Amino acid sequence: MVGVICLGIFEDFFVKAKSAFEIVGAKAGRFIDVSKLKIDIADLENKKRSEFEKIGRLFYQQNKKGCEKCDKDEDLIGASFARIENLEARISKIYEEVDLIKNKIVCNSCNSRNDKKSSYCSKCGEGLSVTRDENCSNKDSSCDKGQKKCKDREFSCGNSKSVGNSLEDSNN
């Protein structure tokens, strides 16, 4: 009888330990994913800085030597502008991925990052808006235009609505 009780205790311990390790593993995986993305951001920021330096060098050379080859330099500057815009778009996309992993939303007023469950911005106090996640599981077109919400607080109808106002009105 004592052996059966001990066996039950060990079994419970191992089940709980396995569950704890799975949770820790998932959190470690998210941490690693975010770290990789931050390394990508740093790499893109360095490339962007390099483009700014090229523009600065060209501007300096134009003003030092006069405007003998300004047309060629203008083309190079325009190409650098395009590369910078491309890099900024890629950086922004990576920040969106980081926010998704960390369950963050960005305030439309001050661009600070807030917990997805927050109703108001922690920096400026503005009401936070949520929009439909592309991966929303509810594809039903009969959504009540913002009255229903997904478990992750994103509306299944796809309409943007202020969290501060709509959560009090929601039926679920």
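Keep in mind it's a predicted model, so treat the numbers as computed, not measured. (Residues numbered from 1 in each chain as written. Predicted model: local features only at pLDDT ≥ 70, side-chain atom pairs only at ≥ 80, totals over all residues. Heavy atoms only, no water.)

Looking at the pattern of salt bridges
Scanning all chains against the criterion turns up six salt bridges. Across the pair lysine 48 and glutamate 45 runs a salt bridge, and its minimum N-O distance is 3.7 Å. In this pair, lysine 48 and glutamate 45 are both assigned in helix H1 (residues 2–65), three residues apart and thus about one turn of the helix distant. Take lysine 48: its relative accessible area is 15%, and that puts it in the buried class. Aspartate 99 is the salt-bridge partner of arginine 113, the closest N and O atoms lying 2.8 Å from each other. Residue arginine 113 is located in strand S2 (residues 113–115), and its partner aspartate 99 is located in helix H2 (residues 70–101); the two are separated by 14 residues in the primary sequence. On the basis of relative accessible area, arginine 113 is assigned to the partly exposed category, the value being 38%. Judged by its relative accessible area of 7%, aspartate 99 falls in the buried class. (Salt bridge = Lys/Arg side-chain N within 4 Å of Asp/Glu carboxyl O. Helix = DSSP H or I, 4+ residues; strand = E, 2+ residues; numbered from the N terminus. Buried < 20%, exposed > 50% of the residue type's maximum accessible area, 1.4 Å probe, protein only.)

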